[in-house]
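Structural overview for review
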Amino acid sequence: KVPRETNSMVEEFMLAANISSAERIYAEFPDCAMLRRHPAPPPSNFDPLVKAARQQGYTVEVDTGKQLADSLNKATDPKRTYMNTMLRMIATRCMMQAVYFASGTIEEPLFRHYGLACPIYTHFTSPIRRYADVIVHRLLAVSIDADSTYANLVDKKHTEKVANNINYRHRMAQYASRASVNLYTHIYFRGRKRDETGYVLFIRQNAVQVLIPKYGLEGTLFLRSNNKNDLANLEWVFDEEEPSQTCGEVKVTLFMKLLVQVYLDTSDVQHEKLALRLVDPVIEGFSVPRTLEVEEDKGEGKREGEEVTKNNKKLKT
């Protein structure tokens with residue numbers, strides 16, 4: 001899908017409509033307007049992003065949303081296609097969750113939407129798929145004398161109850177979407193092993209989180225086993241400040257390109273999971289040989305892979 005200027009124009013109009021609707025219903029119904037806020041994250045939340053950018057030679061300013069957006073726009077490198085994408089993924093995970101609320105339940109300075117850099121916001125443009133938008137339409141209709149009100153619509157406590165339920169249902173929908181992604185991913189990789197290109201997204205004390213762009217998914221490459229007698233338990237040195245993991249002459253850093261073997265771990269039937277093994281760079285006693293390519297129905301494999309990627313895109317929206 002090729003992004004066009006008209007797409008950006010429509011997005012701007014939709015944001016303007018949502019902001020205008022929020023201002024109108026708050027002016028008419030200061031105690032029971034259905035609004036949406038996005039709290040500013042604590043500065044410490046951005047530590048992983050600041051460290052990741054610094055390791056790549058960039059400075060990320062996080063004092064305001066605009067500074068953050070400008071910093072991310074500047075952090076680009078044509079030679080490293082996925083670097084900016086991964087920085088933005090890390091930035092997204094630093095954020096707080098946006099929520100619906102009733103205007104009369106908190107003070108006005110807390111209405112602000114950090115992600116959109118606006119003092120007041122709501123959802124108006126999609127009443128066919130969001131109940132919050134339906135409430136906003138009803139309030140707007142009353143404000144222009146196009147419809148009559150009813151008790152629950154102008155009840156602050158009832159509006160807050162509805163907002164809390166919408167927030168809860170949204171979280172449950174996210175969990176269901178992630179479970180669906182996991183299910184289709186497991187189906188695709190059952191009985192298969194694939195060597196795929198990945199990029200280091202996070203570095204932990206005992207593992208590395210790897211992004212695999214081909215499938216739009218992430219996997220965990222564990223560096224140590226719980227079994228102390230496991231011969232693959234080599235000495236890894238973790239540098240939390242950089243961050244990095246070092247084993248012998250191989251140093252794993254953020255956004256580093258790896259070749260990993262992707263497979264479905266079925267050792268625990270009740271908790272099957274996607275697992276990764278390192279193929280390249282080669283670390284003796286830890287890396288595994290390359291997987292031999294097996295001839296199969298490539299058309300079916302491609303369709304299944306596209307389905308996994310499609311599900312992951314839905315999850316990120």
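Everything below is about the structure shown above.
Everything quoted here is computed from the prediction, not taken from an experiment. (Residues numbered from 1 in each chain as written. Predicted model: local features only at pLDDT ≥ 70, side-chain atom pairs only at ≥ 80, totals over all residues. Heavy atoms only, no water.)

Structural notes on the packing of aromatic side chains
- Scanning all chains against the criterion turns up 7 aromatic pairs.
- Seen from their ring centres, Tyr82 and Tyr199 are 5.1 Å apart, and the 45 degrees between their planes marks the pair as tilted. In this pair, Tyr82 is assigned in the loop between α3 (65–74) and α4 (83–94) and Tyr199 in strand β3 (residues 193–203), connecting sequence segments 117 residues apart.
- Classification of Tyr199 as buried rests on a relative accessible area of 15%.
- Ring centres of Phe189 and Tyr215 lie 5.2 Å apart, and the angle between their planes is 75 degrees; on these two criteria the pair is classed as edge-to-face. Highlighted residues: Phe189 in helix α6 (residues 156–189) and Tyr215 in the loop between β4 (207–212) and β5 (217–222), separated in sequence by 26 residues. In this structure, Phe189 and Tyr215 share a single accessibility class: buried.
- Over the ring of Tyr188 we find Arg192, and its NZ or CZ is 4.9 Å from the ring centre. (Phe/Tyr/Trp six-rings, centres within 6.5 Å; stacked < 30°, edge-to-face > 60°. Helix = DSSP H or I, 4+ residues; strand = E, 2+ residues; numbered from the N terminus. Buried < 20%, exposed > 50% of the residue type's maximum accessible area, 1.4 Å probe, protein only. Lys NZ or Arg CZ within 6 Å of the ring centre and 35° of its normal.)

Regarding helix α2 (residues 47–55)
- Taken residue by residue, α2 has Leu49, Ala52 and Ala53 as its buried positions. One side of α2 carries all its buried residues, which in axial view fall inside an arc of 95 degrees.
- Summarising the contacts, the buried residues of α2 are in contact with α3 and α4.
- Just past α2, the residue Gly57 takes up positive phi, approximately 90 degrees. (Arc of directions from axis to C-beta. Contact = heavy atoms within 4.5 Å.)

Some points on the sheet that holds β4
- What the 5 strands build is an open sheet, ordered β5-β4-β3-β9-β10; its pairing is antiparallel. The open sheet terminates on both sides in strands that have one partner only, identified here as β5 and β10 (273–280). Mean inter-strand twist for the sheet, computed between neighbouring axes without regard to direction, equals 50 degrees.
- When β3 meets β4, the two strands line up antiparallel, connected through 4 bridges. Across the sheet, Val200 pairs through a bridge with Val210, a residue of β4. (Pairing = 2+ DSSP bridges. Axes fitted to C-alpha atoms, helices over the stretch in contact; angles between N-to-C directions.)

A short note on the pattern of salt bridges
- All told, the structure shown has 10 salt bridges when counted by the stated rule.
- Residues Glu196 and Lys214 are paired through a salt bridge, measuring 3.4 Å at the closest nitrogen-oxygen approach. Remark: Lys214 occurs in the loop between β4 and β5 and Glu196 occurs in strand β3; sequence separation between them is 18 residues.
- A residue is classified by how much of its surface remains accessible, and Lys214, at 54% relative accessible area, is exposed.
- Notably, a salt bridge pairs Glu242 with Lys251, separated by 3.0 Å at the nearest N-O pair. (Salt bridge = Lys/Arg side-chain N within 4 Å of Asp/Glu carboxyl O.)

Considering unusual backbone geometry
- The omega angle of the peptide bond from Glu242 to Pro243 is -15 degrees, so this bond is cis rather than trans.
- Here Pro243 is to be found in the loop between β6 (237–239) and β7 (244–247).
- Residue Pro281 is reached from Asp280 by a cis peptide bond, and omega for that bond is 10 degrees.
- For Pro281, the position within the fold is in the loop between β10 and α7 (298–316).
- For Phe255, which is not a glycine, the phi torsion comes out positive at approximately 70 degrees.
- Overall, the relative accessible area of 9% leaves Phe255 in the buried class.

Thoughts on the pairing of β5
- Only one face of β5 is buried: it carries Leu217, Gly219 and Leu221, and the other face, with Glu218, Thr220 and Phe222, is open.
- Direction of pairing for β4 relative to β5: antiparallel, over a ladder of 6 bridges. Directly across from Gln209, in β5, lies its bridge partner Thr220.
- Taking the residues that link successive antiparallel strands as the turn, the β4-β5 hairpin has 4 residues, and the phi of Gly216 there is positive, at about 65 degrees.

With respect to the sheet that holds β6
- Spatially, the 3 strands line up as an open sheet ordered β6-β7-β8, and their pairing is antiparallel. Each edge of the open sheet is held by one strand with a lone partner, namely β6 and β8 (250–253). Between one strand axis and the next, the sheet turns by 20 degrees as a mean value, whatever way the strands run.
- In this sheet, β7 lies alongside β6 in antiparallel orientation, the contact comprising 3 bridges. Across the sheet, Asp239 pairs through a bridge with Ser244, a residue of β7.

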